[in-house]
Amino acid sequence: MENSNEQVRLDTSSPEGKTEAIIAYITVIGLIIAFVLNNDKKYPFAKYHIKQSLGLVILGLVLVLISLIPFLGWIIYLIGLVVMIFMWIMGLMNAVNGRMEPMPLLGKRFEEWFQNF
């Protein structure tokens, strides 16, 4: 019985969708490549992780802008960078393991913000 549940979970993320989801987390270029690859096929699993990865990229850009503020901005940037790396690892692990779960902290927000994407 447990095998049938496992099979259903794997069927929702086809190998191509899973590959694109993993690629989305490998730098900004990987995000662009995953977006282009998924543009025709529109795998829901890949689309979900592309949105999560896009949220990380935007968070990174915001952190870079904050880092321009002397002292306080640098501290916020360093703390934010550690949090962002943690979120990136969790998102990548979810993609590798075939799970459509939001990243900790801001993953649910990314789902809301990019629902029409």
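Positions within a chain are numbered from 1, following the residues in the order the chain's sequence is written. In view of the model being predicted, local features appear only for residues whose pLDDT reaches at least 70, and side-chain atom pairs are presented and counted only at 80 or more, with totals across whole chains, interfaces and linings using the full set of residues. To obtain the side-chain values, all non-hydrogen atoms of the structure were included, while hydrogens and water were left out.

A. Spatial organisation of the side chain of asparagine 38. Secondary-structure assignment places asparagine 38 in helix 3 (residues 27-41). In what follows, residue pairs with any heavy atoms lying within 4.5 Å of each other are defined as contacts. With sequence-adjacent residues up to four places away left out, asparagine 38 is seen in contact with Glu20, Tyr43, Ala46, Lys47 and Ile50. Runs of E in the DSSP output that reach at least two residues are strands. Runs of H or I that reach at least four are helices, and both are numbered from the N terminus.

B. Geometry of the confidence of the model for the protein. Scored by pLDDT, the protein comes out at a mean of 85, with 86% of its residues at no less than 70. pLDDT is defined as a per-residue confidence score from the predictor, taking values between 0 and 100. When mean pLDDT is compared element by element in the protein, helix 5 (residues 72-96) scores highest at 95, while helix 1 (residues 2-11) scores lowest at 41. Low pLDDT, under 50, characterises residues 1-13; the stretch is placed with 6 contacts to residues that sit more than four places away or in other chains.

C. Representation of the environment of threonine 27 in the model. In this structure, threonine 27 sits in helix 3. Taking the C-alpha atoms as reference points, threonine 27 and valine 57, 30 residues apart in sequence, are found 8.7 Å from one another.

D. View of the nonpolar core. Among the buried residues, those of types Ala, Val, Leu, Ile, Met, Phe, Trp, Tyr and Cys that are joined through side-chain atoms within 4.5 Å form a nonpolar core. For every residue, the accessible area obtained with a 1.4 Å probe (protein chains only) is divided by the maximum for its type, and the residue is called buried under 20%, exposed over 50%, and partly exposed between those limits. By size, the foremost hydrophobic cluster in this structure holds 18 residues, and its most contacted members are Tyr25, Leu56, Met87 and Met103. Those elements that provide at least two residues to this core are helix 2 (15-24), helix 3, helix 4 (44-66) and helix 5. The leading source of residues in this core is helix 4, at 6 residues. Dropping the residues within four chain positions of it, methionine 87 is found in contact with Leu56, Leu59, Met103, Pro104, Leu105, Leu106 and Phe110.

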